[in-house]
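Secondary and tertiary structure notes
The chain contents come next:
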Amino acid sequence: MKNILTDRLIIRLAKPDDAQAIYQYRSDAIENQYQGWFPESAEEVRNYITNMPVSLDVADVCFQFAILTKNENHLIGDMGIVFTGHERMQAEVGCTLNKDFQGKGYATEALTAMVNYLFVALKKHRVVASIDPRNTSSIRLIERLGFRKEAHFKESYFLRGEWVDDIIYAMLDKDWSNR
């Protein structure tokens, strides 16, 4: 897969060498309180990345992408993509940024590029985002991109010892092309 380039970012499949940087910001329990993947070590991250399939479009596997600044080639976040549904025509997307790089438009830029890639290059029919309703900044971000709220599931996700709600946002390919 080729890298996805934006004005300020490079988005590429994560590499084992990214593990320490990813672990560093993902291990912040307070900052990442709404994240489903909270690795216990850099080695766990490295093993996950190492064991991802070589082929991108595999069903029910979370592919980790690294988000890097274009100028400094500095890893500032990651995105997880899971292909699901009939013939893998749907994708779920999630994004995590290092707290030092939040509030600067990087998540909007990265997600816009990834959603565009999923719809235009990979010809996906539907892209979904699953968000904890307490994560208001992620909700604002995904709504800004034009995703619509489709469902609010009560206590449907077990996260760090408690049942939490889950909100599903989605967009269809025709909605993306018409926006």
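The following paragraphs examine the structure supplied in this document.

What counts as what
Residues numbered from 1 in each chain as written. Predicted model: local features only at pLDDT ≥ 70, side-chain atom pairs only at ≥ 80, totals over all residues. Heavy atoms only, no water. Pairing = 2+ DSSP bridges. Helix = DSSP H or I, 4+ residues; strand = E, 2+ residues; numbered from the N terminus. Phe/Tyr/Trp six-rings, centres within 6.5 Å; stacked < 30°, edge-to-face > 60°. Lys NZ or Arg CZ within 6 Å of the ring centre and 35° of its normal. Buried < 20%, exposed > 50% of the residue type's maximum accessible area, 1.4 Å probe, protein only. Salt bridge = Lys/Arg side-chain N within 4 Å of Asp/Glu carboxyl O. Polar contact = N/O pair within 3.5 Å; in protein donor to acceptor, adjacent residues only side chain to side chain. Contact = heavy atoms within 4.5 Å.

Side note on the sheet that holds strand S4 (residues 75-84)
Pairing is mixed in the open sheet, where eight strands are placed in the order S1-S2-S3-S4-S5-S6-S8-S7. Taken across any chain shown, the strands that pair with only one partner, and hence form the sheet edges, are strand S1 (4-5) and strand S7 (148-159). By the bridge criterion, five bridges tie strand S2 (residues 9-13) to strand S3 (residues 62-69) in an arrangement that is antiparallel. Paired with Leu-13 across the two strands is Phe-65, which belongs to S3.

Here we look at the packing of aromatic side chains
The final tally for this structure, using the stated rule, is four aromatic pairs. Positioned over the ring face of Tyr-106 is Arg-8, at 4.1 Å from the centre of the ring.

Describing the pairing of S2
Burial analysis of S2 places four of its five residues in the buried class, which makes it a mostly covered element. Pairing of S1 with S2, which is carried by two bridges, proceeds in the antiparallel orientation. Counted as the bridge partner of Leu-5 is Ile-10 from S2. Once S1 ends, the chain turns through three residues before running back antiparallel as S2.

Thoughts on the pattern of salt bridges
Applying the stated criterion to the full structure yields 13 salt bridges. A salt bridge links Asp-57 to Arg-88, with the shortest nitrogen-to-oxygen separation between them at 3.7 Å. Residue Asp-57 is found in the loop between helix H2 (42-50) and S3, and its partner Arg-88 is found in the loop between S4 and strand S5 (90-97); the two are separated by 31 residues along the sequence. Note on Arg-88: relative accessible area 31%, which makes it partly exposed. Here Arg-148 ties to Glu-150 by a salt bridge, and the two come within 3.0 Å at their closest N and O atoms. The exposure class of Arg-148 is partly exposed, given its relative accessible area of 30%.

Describing the side chain of Asp-78
Within the element layout of this structure, Asp-78 appears in strand S4. For Asp-78, the side chain forms a polar contact with the side chain of Tyr-25, separated by 2.5 Å. Ignoring any residue separated from it by four or fewer positions in sequence, one finds Asp-78 in contact with Ile-22, Tyr-25, Arg-26, Gln-64, Phe-65, Ala-66, Ile-67, Gly-94, Cys-95 and Thr-96.

Describing the environment of Ala-170
Relative to the helices and strands, Ala-170 is located in strand S8 (residues 162-172). Under the relative-accessibility criterion, Ala-170 is labelled buried at 0%. Linking Ala-170 and Ala-91, residues 79 residues apart in sequence, is a C-alpha distance of 9.7 Å. Not counting the four nearest positions on each side in its chain, Ala-170 is found in contact with Arg-126, Val-127, Val-128, Phe-147, Arg-148 and Glu-150.

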